[in-house]
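For reference, the chains in residue letters:
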There are 2 protein chains.
Amino acid sequence: MDTPADTPRVRDPTRTREKILDAAQALILDHGFAATTVDAVVGRAGITKGAFFHHFTSKSDLARALVERYAALDRAHLDERLARARKLSSDPLQQVLLLIALFEEEFASHQEPFGGCLFASYIYEAKLFDEATLEVLRDSTLLWRRVMLEALEKVAARYPPRREVDMEALADLFYSLTEGAFIMTRTLGDKSLLGRQARHLRTYLELLFGPAPEPPRTPAS
Amino acid sequence: MDTPADTPRVRDPTRTREKILDAAQALILDHGFAATTVDAVVGRAGITKGAFFHHFTSKSDLARALVERYAALDRAHLDERLARARKLSSDPLQQVLLLIALFEEEFASHQEPFGGCLFASYIYEAKLFDEATLEVLRDSTLLWRRVMLEALEKVAARYPPRREVDMEALADLFYSLTEGAFIMTRTLGDKSLLGRQARHLRTYLELLFGPAPEPPRTPAS
DNA sequence: GCGATTATACCGACCAGTTGGTATGTTGCA
DNA sequence: TGCAACATACCAACTGGTCGGTATAATCGC
């Protein structure tokens, strides 16, 4: 199905398609969808308009294809971290804490100028997209909720939370925090924000589900 | 300086200006800035293009004026809640908890279809705006950080936190959570999200700074 | 008070540049 | 040789912005 990458070819349709998607994504995250012109995309991808409309029937078609690729990557990424967290510990609480820590780790190591989230970009231009495209956003958001909720239910089953809490909202917390931190990062240009805020979520979960309340810290620390 | 509101006038420039800003804000939150045409704005505001360009020299001028109004309202709003929280309690921890609770309360009572945040809308089309406009976003974000940080420092001074925490990141949590919850709300159409997630932030602060660790809850609750 | 004068608020047709999209041609690979 | 993968030239629709003009309000001499 996939063509070998080492074979030099003049024409490589799947590669061309990816180049278009890459260019579009970078441009959209900075300018939004509406202000990202097809000409700008083909310019950045180093191709021509003819090639673009050979691969995509319209600009909206590009929008849908792009967000579908993004969602698939997002999902694969989440699954992979989840699998790693499960391998690293068998304790449900540790698994959740590790999952968050793995994301922290990654965001800290990112050296790119920083991307932001395509979902958020789309949702603030929601009226421009068709139902199928918006459905991808909903599905992705609900996937995060479901995954986190399942993980947290297991935690709560073993470690009764110290307070009665809204579990669904707790599950949504990581997604919300991530999106919010993306916005702050883009606004202030401080890449450390996401990791530092995710750290707080971990602390919260530790305090909420943690096995034993720590002794009060000495005032003169 | 200001004209009486009850006098019906054929011409009311300040009102016209506000109508333009209102129309623009509503359209921008749904379509983004680029896709919001001047024609659409004047159509919604019930005026003409001539009137628009009488009040604003360009579309970018509108963008700046709009975000400045939004930021001023945001700031006034924050100040008011802060003052209320301070009147309701003299305890620094209670003040912060009350501040968050006041926002929860308000978002729950909102019956509009829901707006979203203009700052977030702008930041995902950042390349379209000039430096002065983006500066408003930064200032507003830093204002939130400063206000929350000051409040939290007072809390920490009286109630040593149970864990060593990053205070600045803690201060940013509310802003992040709000922005993230806005995005989730727009995606899923569930207005309750923000309030429910803010509730978790309160719980976190209670657990972190709370006077005494609660006894572990009975497993069969 | 009041008419003349000026400044402000607003109108809507128009323009030049840009946009997404197409029609038609050319090139490389199976 | 046939067809997918591109390139080029082009178009109709739309965009932000302009401009000449008109109606209303504020100012001021008297």
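Residues numbered from 1 in each chain as written. Chains lettered and ligands numbered in written order. Predicted model: local features only at pLDDT ≥ 70, side-chain atom pairs only at ≥ 80, totals over all residues. Heavy atoms only, no water.

Student: Can you help me understand the nonpolar core in this one?
Tutor: Counting residues in hydrophobic clusters, the biggest one holds 148 residues, and the most contacted among them are A:Phe209 and B:Phe209. Residues in contact with B:Phe209, not counting those within four places in the same chain, are B:Leu93, B:Leu152, B:Val155, B:Ala156, B:Tyr159, B:Pro161, B:Met167 and B:Leu170. (Core = buried A, V, L, I, M, F, W, Y, C linked by side-chain atoms within 4.5 Å. Buried < 20%, exposed > 50% of the residue type's maximum accessible area, 1.4 Å probe, protein only. Contact = heavy atoms within 4.5 Å.)

Student: I would appreciate a short explanation of the protein's contact with DNA strand D in the present structure.
Tutor: In the region of DNA strand D, 19 residues are neighbours, and A:Arg11, A:Thr48, B:Arg11, B:Lys49 and B:Lys59 sit closest. Across the atoms of DNA strand D situated within 4 Å of the protein, the share located in sugar and phosphate is 57%. Here a phosphate oxygen of DNA strand D and a side-chain polar atom of A:Thr16 are 3.1 Å apart. Within the side chain of A:His55, one N or O atom sits 3.1 Å away from a phosphate oxygen of DNA strand D. (Near = heavy atom within 4 Å. Polar contact = N/O pair within 3.5 Å; in protein donor to acceptor, adjacent residues only side chain to side chain.)

Student: Explain the packing of aromatic side chains here, please?
Tutor: Each aromatic ring pair is characterised by the separation of its centres together with the angle its planes make. All told, the structure shown has 25 aromatic pairs over all chains when counted by the stated rule. Measuring from ring centre to ring centre gives 6.5 Å for A:Phe33 and A:Tyr122, while their planes differ by 50°; the resulting arrangement is tilted. You can see A:Phe33 sitting in the loop between α1 (13-31) and α2 (38-45) and its partner A:Tyr122 sitting in helix α6 (residues 118-123), a full 89 residues away along the chain. Residues A:Phe33 and A:Tyr122 agree in their burial class; the two are buried. Their ring planes at 80° and their centres at 5.0 Å tell us that B:Tyr70 and B:Phe119 sit as a pair that is edge-to-face. Residue B:Tyr70 is found in helix α4 (residues 59-88), and its partner B:Phe119 is found in helix α6 (residues 118-123); the two are separated by 49 residues along the sequence. The exposure class assigned to B:Tyr70 is buried, which follows from its relative accessible area of 17%. Overall, B:Phe119 belongs to the buried group, its relative accessible area being 4%. Through pairs of rings, three or more aromatic residues link up here, namely A:Phe103, A:Phe107, A:Trp144, A:Phe174, A:Tyr175 and A:Phe182. The residue whose ring lies beneath A:Lys59 is A:Phe33, and the NZ or CZ to ring-centre distance is 4.4 Å. (Phe/Tyr/Trp six-rings, centres within 6.5 Å; stacked < 30°, edge-to-face > 60°. Helix = DSSP H or I, 4+ residues; strand = E, 2+ residues; numbered from the N terminus. Lys NZ or Arg CZ within 6 Å of the ring centre and 35° of its normal.)

Student: It is not clear to me how the protein's contact with DNA strand C should be interpreted in this structure. Could you clarify?
Tutor: In the neighbourhood of DNA strand C, 19 residues make up the surrounding shell, with A:Arg11, A:Lys49, B:Arg11, B:Thr16 and B:His55 lying closest. A:Lys59 places a main-chain nitrogen or oxygen 2.7 Å from a phosphate oxygen of DNA strand C. A distance of 2.9 Å is found between a phosphate oxygen of DNA strand C and a side-chain nitrogen or oxygen belonging to B:Thr48. Looking at the surface near DNA strand C, the elements with two or more residues in it are α3 (49-55) of chain A together with α1 (13-31) and α3 (49-55) of chain B. Counting residues per element, the surface near DNA strand C draws most heavily on α3(B), at four residues.

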